[in-house]
Amino acid sequence: MTVHLEVADGVGTIRLDRPPMNALDIAVQDRIKELAEEATARDDVRAVVIRGSEKVFAAGADIKEMRDMDHAAMVARSRGLQDSFTAVARIPKPVVAAVTGYALGGGCELALCADFRIAADNAKLGQPEILLGLIPGAGGTQRLSRLVGPSKAKDLIFTGRQVRAEEALTLGLVDRVVPAAEVFDAANAWAGQLAKGPAIALRAAKESIDLGLETDLDTGLAIERNWFAGLFATQDRETGMRSFVEEGPGKAKFA
């Protein structure tokens, strides 16, 4: 298999394993979708890490495969491409991308599907599709502009330039930069902490933020209001409030 799901202590790790560059061909795309849906469904997965190898996260699409596709073939495939990445974005649990080495094109777009991005200090990110006479096709024009703003997204997409980790941090493209040897530990620590949290409340927070960004303020507030009230029917809310009253803040242990 070119992509694996490994589960330990509540954290599901989706690991790309297609040496040497983790090129995202159709088989890899479909496997990502399959494992994202499995991580969504599994109760023993409470948070997710997406990672590549020590040297590369994912260097983009398989250009040799794409070169042989004509317009009709890509019309038929483009929805499947987007759906594979959207499946990651819609995992209703905290998702962190551990970005090592190159995260270019589809690799950058995959990282954009995470809730949080931790990059190695030697990472390089970018959307170089314009250099092939194309544009990003796996969500880059939409997710990147929502994350860093339209003008910064246009700079990256229009020029196709690569940015190093520190510039990516300044742009807001990644959220944290650590030494390369520490990136997987940092991602696992982030996911592991949230894997111990209240699963339904975390899902509610993620859905409220993500759906709210796609609509007007009043509709977003309604989404938040419905989730907020609904959480009063959960055991996690009872556990959290009882622990706060009896033991003080931050000591609740959620099932």
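The paragraphs below set out a description of the structure included in this document. Sequence order sets the numbering: in each chain, residues are counted from 1 along the sequence as written. In view of the model being predicted, local features appear only for residues whose pLDDT reaches at least 70, and side-chain atom pairs are presented and counted only at 80 or more, with totals across whole chains, interfaces and linings using the full set of residues. The side-chain numbers reported here are obtained from all heavy atoms of the structure, hydrogens and water having been left aside.

A few words now on a negative patch on the surface. Taken together, Asp-121, Glu-166, Glu-182 and Asp-185 make up a surface patch of like negative charges. The helix and strand labels rest on DSSP assignments: H or I over at least four residues marks a helix, E over at least two residues marks a strand, and numbering proceeds from the N terminus. Relative to the helices and strands, Glu-166 resides in helix α7 (residues 165–171). Patches in this entry comprise residues that are over 30% relatively accessible and not in a salt bridge; like charges within 9 Å are linked, as are nonpolar side chains (Val, Leu, Ile, Met, Phe, Trp, Tyr) within 5 Å. Per-residue and other accessible areas follow the Shrake-Rupley method at a 1.4 Å probe size, with only the shown protein chains counted as cover for residues. Criterion for a salt bridge: a side-chain nitrogen of Lys or Arg within 4 Å of a carboxyl oxygen of Asp or Glu. For the purpose of charge, His is not counted, nor are the chain termini; Lys and Arg are scored as positive and Asp and Glu as negative. Every charge is mapped to an atom, namely NZ of Lys, CZ of Arg, CG of Asp or CD of Glu.

Another point: the sheet that holds strand β4 (residues 56–58). Across the sheet, four strands lie side by side as β4-β6-β8-β9; this open sheet has mixed pairing. One side of each edge strand has no neighbouring strand; the edge strands of this open sheet are β4 and β9 (162–164). Pairwise comparison of adjacent strand axes, ignoring direction, gives a mean angle of 20 degrees for this sheet. Here two bridges tie β4 to strand β6 (residues 102–104), and the two strands are oriented parallel to one another. The residue bridging Ala-58 from the neighbouring strand is Ala-103, located in β6. A pair of strands is labelled paired if DSSP reports no fewer than 2 bridges between them. Geometry is summarised by axes, namely lines fitted to C-alpha atoms with helices restricted to the contacting stretch, and by angles between N-to-C directions that run from 0 to 180 degrees.

Right, let's talk about the packing of helix α5 (residues 140–148) against helix α6 (residues 150–159) for a bit. Relative orientation of the contacting elements α5 and α6 amounts to 135 degrees, with a least axis distance of 7 Å. Between α5 and α6, the angle is such that the two are oblique. The element α5 and its partner α6 pack so that their crossing is right-handed. Contacts from Gly-140, Thr-141, Leu-144, Ser-145 and Val-148 in α5 reach Pro-150, Lys-152, Ala-153, Leu-156 and Ile-157 in α6. By the convention adopted, Pro, Cys, Tyr, Trp, Phe, Met, Ile, Leu, Val and Ala count as nonpolar, Lys, Arg, Asp and Glu as charged, and the other residues, Gly among them, as polar. The residue inventory of the contact of α5 with α6, partitioned by class, reads six nonpolar, three polar and one charged. Here the word oblique covers every angle except those under 35 degrees (roughly parallel), over 145 (roughly antiparallel) and from 65 to 115 (roughly perpendicular). Should the near helix be turned anticlockwise from the far one by less than a right angle, the crossing is left-handed, and should it be turned clockwise, the crossing is right-handed. For this analysis, residues touch if any pair of their heavy atoms sits within 4.5 Å.

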